[in-house]
Amino acid sequence: MKEALCRTATLSDVSMMLDWAAKEGWNPGLDDADAFYAADPEGFFIAEVRDIPVAAISVVNHSETYAFLGLYLCLPEFRGQGIGFGLWNHALNHAGDRTVGLDGVPAQEANYAKSGFNLASRTRRWTGHLNIENIGFTLAGPNDFTELERLDRAATGIYRDRFVKNWVENGPTRKTIVVKDGSKITGFATARLCREGCKIGPIVAANAGDALRLACEAAAAIEETYVTIDIPDDAAPFADALKQNGFSQNFSTARMFRGKAPVAGKGLQAVASLELG
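Every value quoted in this text rests on a predicted model; they were computed, and no experiment measured them.

1. Focus: the overall build of the protein chain
Here's step 1: Broken down by element type, the protein chain carries eight helices and 12 strands.
Here's step 2: Its C-alpha atoms give the protein chain a radius of gyration of 18 Å, near enough to 19 Å, the size a compact globule of 277 residues would have.
Here's step 3: Projected onto the principal axes, the alpha-carbon positions of the protein chain cover approximately 60 × 35 × 35 Å.
Here's step 4: Across the 277 residues of the protein chain, 53% fall into the buried class.
Here's step 5: Working note: accessible area of the protein chain is about 12400 Å², and carbon and sulfur atoms make up 49% of it.

Pasting the structure below:
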């Protein structure tokens, strides 16, 4: 094993990590670095060899009881030398005794199990084009955060207010739309422009029909028709609706937990991010 120094990452480091992720084909959002970093500025880590960053990981503490691991990357020429695993152990210390979740490729499930992670569910990525012609939408307003956080927590079983606050904020590359029953918000979706097309998530809705409507409205709000959506298996009817609209499945990930898994509600139709949960 080469001698590596592990340290906490800066915001510019997180941008670099996302550049690495793009080279691996992950297609990150254009402004993911700011939104990720705001969730937990102490939750991103770099391993350096001779002052050169060679590996990265995030273990973001969403709350006092829950953290999420992602952005686990190592430059190809430094793989197989123990650097990534050393950084993995270093970063997991940040979570303390919190439950830790992750989305991993199925081929790595056995390795994650060795670190105490257990399979809970699977998430499947769907891509395709949505027709956004003549689609109206209602943007989330500045006073809607409390209700959006409540809906997110009910759907995911996770309290992650810092993440949600920054994730749902409207900007040039990110739009959050809501659906209402009278004056009450009953669902929402966030779309963000990526290096290719856009990703939509989370989508919180009562049923597949509402989820499809929200996806179309979110795509219209961001003015992008090529869409990627990550759907948990519990939301299979929504995946079926996308398939009927010409979407195809690209790959799946294993949602695993070390510790007690959160209890998700019925409204989670699409996850926010495979990197932060």
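2. A short note on the side chain of Arg255
Here's step 1: With respect to the secondary-structure elements, Arg255 resides in strand S11 (residues 248–258).
Here's step 2: A polar atom in the side chain of Arg255 sits 2.8 Å from the side chain of Asp103.
Here's step 3: Beyond its immediate stretch of four places on either side in the chain, Arg255 contacts Phe68, Leu102, Asp103, Asn118, Leu119, Ala120, Ser121, Arg122, Val271 and Gly277.

3. Focus on the side chain of Asp13
Here's step 1: Mapped onto the secondary structure, Asp13 falls in helix H1 (residues 11–23).
Here's step 2: Contacts of Asp13, omitting those with residues within four sequence positions, involve Arg7 and Ile46.

4. Topic: the packing of H1 against helix H2 (residues 32–39)
Here's step 1: For the pair H1 and H2, the least separation of the axes is 9 Å and the interaxial angle reads 125°. Viewed along their axes, H1 and H2 adopt a mutual orientation that is oblique. Of the two possible hands of crossing, H1 and H2 adopt the one that is right-handed. Contact with H1, carried on its side by Leu11, Val14, Ser15 and Leu18, involves Asp32, Ala33, Asp34, Phe36 and Tyr37 of H2 and no other residues of that element.
Here's step 2: Across the contact of H1 with H2, the residue classes break down as six nonpolar, one polar and two charged.

How each quantity is defined
- Residues numbered from 1 in each chain as written.
- Predicted model: local features only at pLDDT ≥ 70, side-chain atom pairs only at ≥ 80, totals over all residues.
- Heavy atoms only, no water.
- Helix = DSSP H or I, 4+ residues; strand = E, 2+ residues; numbered from the N terminus.
- Rg over C-alpha atoms; globule rule 2.2 N^0.38 Å.
- Buried < 20%, exposed > 50% of the residue type's maximum accessible area, 1.4 Å probe, protein only.
- Areas by Shrake-Rupley, 256 points an atom, 1.4 Å probe, with all protein chains shown as cover.
- Polar contact = N/O pair within 3.5 Å; in protein donor to acceptor, adjacent residues only side chain to side chain.
- Contact = heavy atoms within 4.5 Å.
- Axes fitted to C-alpha atoms, helices over the stretch in contact; angles between N-to-C directions.
- Parallel < 35°, antiparallel > 145°, perpendicular 65-115°, else oblique.
- Left-handed = near helix turned anticlockwise from the far one by under 90°.
- Nonpolar A, V, L, I, M, F, W, Y, C, P; charged D, E, K, R; others polar.

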